[in-house]
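# Notes for the structure review
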Amino acid sequence: MTADTARHGIAVNFARIVLAAGLALATTVVSAAATIILVNINAPGEGFNDPTPVVPVGGNAGTTLGQQRIIVFAQAASIWGTTLTSAISITIRASFVPLTCDATTGVLGRAGALNLWRDFPGAPRANTFYGQALANKLAGANLGANVKVEPEDIIARFNSALGQPDCLPNTTFYLGLDNNHGAQVDLLNTMLHEFAHGLGFQSFTNPETGAQFDNARPTIWDHFTLDTTTNKTWANMTDAERVASAINARKLVWNGANVTSSAPQVLSSGTPNLVISGPAAGAAAGTYDIGTADFGPQLGTPAVTGQLMPVVDSPNQVGLACNPLSAANILAV
């Protein structure tokens, strides 16, 4: 999605991709703290309206694929709704459509703020953009009420092609509500994650150029993205500084007061590192920051150790580790 020109520098519409026209149904989820509304823009027979018969699963009583998808959406909306506080309803323009995908990689879902606002009544910071859902809460009014095209707060799309031969063929969405997804992708968790982006967990700064949104104006996210090397937030950096900061591993943090105070109770202690040493290490010797994988045994104490063996790349690409390596791919040292 790319940004349209700001409406007099005040609101920006992000729906530059034309989604499936057709049936638009609204499903309202009312909770104790906030109301979230699904604006279903799938055509009849597609996505949220898919009539394919299915068996109820994991607390999801829907009997068609479309019904089960709506029930998962309602559950995700209920979880967020009981967490948030807003007197203004939050509308999500949503659909299931084919997203970028091939046999080995794919996009599960995409979501973000559909409109951005700045300098509205009640805005805590001047000259700063806020996603519409957050801006509505702060203003105490529906700022999108007069937006004539796509006035909703959030746009969300989920991959309807998942599991097909050309889209991660061995992967499917789990539509249960009980977290018993096993090797499947939990649609509930996917929706919770994507809704978060639309609610405000989203940067509009270009990490490759460092350029801020709409004539170098920051978003509220930039005011809380802190680089501990320079002790500057992104709102106070130059474009070049933001480019460097975006790849400053383990030095880019969120500095909001609530997160900072909760971090010791929430975050796990310790940072995994890879240490390469020994007579044959050569230029590779040193300590490296690493991430952990979703598969295999968890890292712990004592540390995992092993002999590092250089891989010999081959013309037929058998040394790229897309498949298990064999002795023929290993250079003896």
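Let me sum up the structure you'll find in this document. All residue numbers here refer to positions counted from 1 along the written sequence of the relevant chain. Only residues with pLDDT of at least 70 are given local features in this predicted model, and only at 80 or more are side-chain atom pairs given and counted; all residues enter the totals for whole chains, interfaces and linings. To obtain the side-chain values, all non-hydrogen atoms of the structure were included, while hydrogens and water were left out.

With that out of the way, let us pick up the overall build of the protein. Along the backbone of the protein there are 6 helices and 15 strands. Reported accessibility uses the Shrake-Rupley method at a 1.4 Å probe radius. Residues are deemed covered only where the shown protein chains occlude them. Accessible area for the protein stands at about 18400 Å²; split by element, carbon and sulfur atoms hold 57% of it. For the purposes of this entry, the term helix denotes a DSSP run of H or I that reaches at least four residues, the term strand denotes a run of E that reaches at least two, and both are numbered from the N terminus.

Every case where a carboxyl oxygen of Asp or Glu lies within 4 Å of a side-chain nitrogen of Lys or Arg is listed as a salt bridge. Going through the model one piece at a time under the given rule, you end up with 6 salt bridges. Two residues, Glu 152 and Arg 93, come together in a salt bridge whose shortest N-O distance is 3.6 Å. With Glu 152 in the loop between helix H2 (132-139) and strand E8 (154-159) and Arg 93 in strand E4 (residues 90-97), this pair connects stretches of sequence that are 59 residues apart. Like Arg 93, Glu 152 is buried. The partner of Arg 242 in a salt bridge is Asp 239, with the nearest N and O atoms 2.7 Å apart. On the criterion of helical spacing, the pair formed by Arg 242 and Asp 239 is a turn pair, its members being 3 residues apart in helix H5 (residues 239-246). Per-residue accessibility, obtained with a 1.4 Å probe over protein chains only, is compared with the maximum for each type, and a residue is labelled buried under 20%, exposed over 50%, and partly exposed between these values. Taking the relative accessible area as the measure of exposure, Arg 242 reaches 3% and is therefore buried. Look at the salt bridges and you will find they share partners, linking Arg 93, Glu 150 and Glu 152 into a network.

So, about the packing of aromatic side chains. Note on aromatic pairs: the rings of Phe, Tyr and Trp (six-membered ring only in Trp) are paired at centre separations within 6.5 Å, and the planes decide the class, stacked below 30 degrees, edge-to-face beyond 60, tilted for the rest. For the coordinates displayed, the defined rule picks out 12 aromatic pairs. Pairing Phe 204 with Phe 213 gives two aromatic rings, centres 5.8 Å apart and planes at 55°, and the pair type is tilted. An identical accessibility class is assigned to Phe 204 and Phe 213; each is buried. Among the aromatic residues, those joined into a cluster by ring pairs are Phe 48, Phe 73, Phe 96, Phe 158, Phe 173 and Phe 195. Only when the NZ of Lys or the CZ of Arg is both within 6 Å of the ring centre and within 35 degrees of the ring normal is a charge said to sit over the ring. It is Arg 69 that lies over the ring of Phe 96; its NZ or CZ is 4.1 Å from the centre.

We note that Glu 150 has phi near 50°; this positive angle belongs to a residue other than glycine. Positionally, Glu 150 belongs in the loop between H2 and E8. By relative accessible area, which is 14% here, Glu 150 ends up buried.

Spatially, 3 strands are ordered E12-E11-E13 in an open sheet, and the strand pairing comes out antiparallel. Every other strand in the sheet has two partners, leaving strand E12 (232-233) and strand E13 (252-254) as the edge strands with one partner each. Pairing between strands is defined by DSSP: at least two bridges between them are needed. Note that strand E11 (residues 225-227) and E13 share 3 bridges and pair antiparallel. Of the residues in E13, the one forming a bridge with Thr 225 is Trp 254.

Let us look at the nonpolar core. The nonpolar side chains of a soluble globular protein tend to be buried with one another. If you look at the biggest cluster of nonpolar residues, it comprises 32 residues, and the most contacted ones within it are Phe 73, Ile 92, Met 191 and Phe 195. Aside from chain neighbours lying at most four places away, what touches Ile 92 is Ile 36, Ile 37, Leu 38, Val 39, Phe 73, Ile 154, Ala 156 and Phe 195. We call a set of buried residues a nonpolar core when its members are Ala, Val, Leu, Ile, Met, Phe, Trp, Tyr or Cys and they connect through side-chain atoms within 4.5 Å of each other. Core analysis: the next-biggest nonpolar cluster, separate from the first, contains 7 residues, Trp 117, Tyr 130, Leu 143 and Ile 220 among them. Here a residue-residue contact requires only that any non-hydrogen atoms of the pair lie within 4.5 Å.

Two cysteine sulfurs form a disulfide in these notes if their separation is within 2.5 Å. Here the structure, examined in full by the defined rule, presents 1 disulfide. Cys 101 shares a disulfide with Cys 167; S-S distance 2.1 Å. Taking the sign of the S-S torsion, about 85° here, the bridge from Cys 101 to Cys 167 comes out right-handed. With a gap of 66 residues between them, Cys 101 in the loop between E4 and strand E5 (109-113) and Cys 167 in the loop between E8 and strand E9 (173-174) connect regions that are remote in the sequence.

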